[in-house]
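# Examining the three-dimensional arrangement
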Amino acid sequence: MKVFVTVGTTSFSDLVNYMLLESTQSTLKRLGYTQLTIQAGKSDINNHLELLGVSIFDYTMDLDRYILESDLVISHAGAGTIFQVLYHRKRLVAVVNESLMDNHQQELVQEMQ
């Protein structure tokens, strides 16, 4: 099974590096996931172990492809990405990027609960 992580066009180093932690990958592996693909945007990436098949890239013009290929999407809480994932009826975990100046992601997530 595949996990796709996307952070959009900004930096969300906390989310990217959390997904690369040994403990996070170990949990995903226990849940049956075998591949982790990360669209990292401008994020700074720390050194990491790879317990799963991990691929990382900055940007893509074909986000739909990665969403469709995934069993779970973990995303920044950007409106466009949330609606795109829900449109494709994929499991979604939306994470608020608290480092952004305008906390519109928090407002969106609160409204969607």
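These lines cover the structure that appears in this document, whether it is placed above or below. Per chain, residues are indexed from 1 in the order of the written sequence. Local features in a predicted model are, by the rule used here, given only for residues with pLDDT of at least 70; side-chain atom pairs are given and counted only at 80 or more, and totals for whole chains, interfaces and linings are based on all residues. Side-chain descriptors were evaluated using all non-hydrogen atoms of the structure, hydrogens and water having been removed beforehand.

### Structural notes on the overall build of the protein
Defined as follows: Per the convention used, a helix needs a DSSP run of H or I reaching at least four residues, while a strand needs a run of E reaching at least two, with both numbered from the N terminus. To sort residues, take the accessible area from a 1.4 Å probe on protein chains only and compare it with the maximum for the residue type: under 20% means buried, over 50% means exposed, and anything in between is partly exposed. Should any heavy atoms of two residues lie within 4.5 Å, those residues are counted as being in contact.
Of the regular secondary structure elements, the protein holds five helices and five strands. Tracing the protein from N to C terminus, the helices and strands come up as β-α-α-β-β-α-β-α-β-α. Per-residue burial over the protein gives 42% buried out of 113 residues. In the protein, 57% of the contacts between residues at least 6 apart in sequence involve partners at least 24 apart.

### Structural notes on unusual backbone geometry
The backbone phi angle of Arg89 is positive, close to 55°, even though this residue is not glycine. Among the structural elements, Arg89 can be located in the loop between helix H4 (79-87) and strand S5 (91-95). Residue Arg89 is classed as exposed on the basis of its relative accessible area, which comes to 78%.

### As for the packing of aromatic side chains
Convention followed: We call Phe, Tyr and Trp rings a pair once their centres come within 6.5 Å, taking the six-membered ring for Trp, and we label the pair stacked below 30 degrees between planes, edge-to-face above 60, and tilted otherwise. Only when the NZ of Lys or the CZ of Arg is both within 6 Å of the ring centre and within 35 degrees of the ring normal is a charge said to sit over the ring.
Scanning the entire structure with this criterion turns up two aromatic pairs. An angle of 20° between the planes, with centres 5.4 Å apart, marks the rings of Phe4 and Tyr66 as stacked. Of this pair, Phe4 sits in strand S1 (residues 2-6) while Tyr66 sits in helix H3 (residues 63-69); the two residues are 62 residues apart in sequence, bridging distant segments of the chain. A relative accessible area of 15% places Tyr66 in the buried class. Here the aromatic rings of Phe57 and Tyr66 are separated by 4.8 Å at their centres, their planes lie at 35°, and the arrangement is tilted. Each residue in the set Phe4, Phe57 and Tyr66 is aromatic and connected to the rest through ring pairs, giving one cluster. The ring of Tyr66 has Arg65 lying over it, and the distance from NZ or CZ to the ring centre is 4.5 Å.

### Quick notes on the nonpolar core
To be explicit about the condition: In plain words, nonpolar cores are sets of buried Ala, Val, Leu, Ile, Met, Phe, Trp, Tyr and Cys residues tied together by side-chain atoms within 4.5 Å.
With 17 residues, the main nonpolar core has Val3, Val5, Leu15, Met19, Leu36, Ile38 and Ile74 as its most contacted residues. In terms of residue count, helix H1 (residues 13-19) provides more of this core than any other element does, three residues in total. Sequence-distant contacts of Ile74, that is, excluding residues within four places in its chain, are made with Val3, Phe4, Val5, Thr6, Leu15, Met19, Val93 and Val95. Core analysis: the second largest hydrophobic core is formed by seven residues, Phe57, Leu63, Ile67 and Val85 among them.

### Some details on H4
What counts here: Working note: the arc is built from the helix axis to C-beta atom directions.
For H4, the complete set of buried residues consists of Thr81, Ile82 and Val85. Here the buried residues of H4 occupy an arc of 100° about the axis, which is enough to place them on one side. H4 presents Gly80 and Tyr87 as exposed residues on the side facing more than 90 degrees away from its buried surface. One or two steps after H4, the chain reaches Arg89, where phi turns positive at roughly 55°.

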